[in-house]
Structure formats: C-alpha cells, structure tokens
Amino acid sequence: MRITNIDTLSALLDRLISENIKLYFFEKDNLKKNVDHQKMVISQIKEKLSELFIEVLESGKYKYLSEKRTYKPDDIIETLEELISNDINTGEGDRANLKEATSENPSVENFERNHKLIRKSNESRAASKNKLDEQLKNIVEE
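Criteria and thresholds
- Residues numbered from 1 in each chain as written.
- Predicted model: local features only at pLDDT ≥ 70, side-chain atom pairs only at ≥ 80, totals over all residues.
- Heavy atoms only, no water.
- Helix = DSSP H or I, 4+ residues; strand = E, 2+ residues; numbered from the N terminus.
- Buried < 20%, exposed > 50% of the residue type's maximum accessible area, 1.4 Å probe, protein only.
- Contact = heavy atoms within 4.5 Å.
- pLDDT = per-residue confidence, 0-100.
- Expected span 1.5 Å × (residues − 1).

Assignment of secondary structure puts L65 in strand β2 (residues 64–65). Owing to a relative accessible area of 46%, L65 belongs among the partly exposed residues under this scheme. Along the primary structure L65 and N89 are separated by 24 residues, whereas in three dimensions their C-alpha atoms are 26 Å apart. The contact partners of L65, leaving out residues within four places of it in the chain, are M1, R2, I3 and T4.

Turning to the confidence of the model for the protein chain, a few remarks are in order. Detailed reading of the predicted model is not advised wherever pLDDT is low. On average, residues of the protein chain score 85 in pLDDT, and 92% of them are at 70 or above. Within the protein chain, helix α4 (residues 108–140) has the poorest average pLDDT of any element, 83, and helix α2 (residues 32–59) the best, 96. The model gives residues 71–78 a pLDDT under 50, and that stretch makes 10 contacts with residues more than four places away or in other chains.

So, about helix α1 (residues 9–28). Since the α-helix packs 3.6 residues into each turn, any two residues three or four apart lie on the same face. The end-to-end C-alpha separation of α1 is 28 Å, in line with the 28 Å expected for 20 residues at 1.5 Å each. Positive phi shows up at N30, right after α1, with a value of about 55 degrees.

Encoded structure:
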C-alpha cells in the first residue's frame, strides 16, 4: 500500500513540481552545482513515477492511504494545475517571509499575510493530491 506524502502518485507529482521550481531558481541564480544536483533528483523522481505506473497497470490496482486534513475550503478546484499553482504560492510565501525576516524593519503584518498564503496553499495542495490519487485509483480499478 502506498502512503500519501511519501510514495503516491500525488506525492511524486508534487515533489517533481517542487524540484523543478527549485531547478528554475538555481538556473536563474546560475548555481551550476545545484543545477546538476537538481537534475539528478528530478531524474530519480521520474523513475519512481514510471515504476508506479508500471506497478498499477500490471496489477490493475492502486491502493493508498489518503491524507486527512483539518481545514477544507469548499472552493478549491482539485486539479494538477491547482497543485502546481499552490506549490508556486507556497514557495513565494516562503521567499517573502525570508525576505521580510532579513529586512531592516520586519513587519508582523507581512509575516501574517505570508503565513496565510502558505497555509492556504498547503491545504489546497493536500486536497489536489488526494483528488489525483482518487482519480488514478478510479481509472486503474474500473
């Protein structure tokens, strides 16, 4: 059985998205050593995704434990595009908090706003990931 946030389809896709975002910033900052490392990480994630697809297609089953959440906004559109957008927003909020923390005059209001962005994005990511796993299960086990 696969476990959410570890080895499910959604966890691997989420990780692939996050690692590609990191790659983007490493390339943007011209950090060659980090770029090379990120490319290896991305390659390994793609291998894990291929293994998952082979496994579920050969077995005809996709068994996983989904994530239970404490906060569920009703208006979240659970799609891969939403997952990508939320990963970017989480990174943006994190970068904004880092910038705020290193500024000459940090603002509690800015930290609060950024934290809300990160929290909402993380909750939306979880909902999108659960939906992706459910969809794969339904496709494979029909």
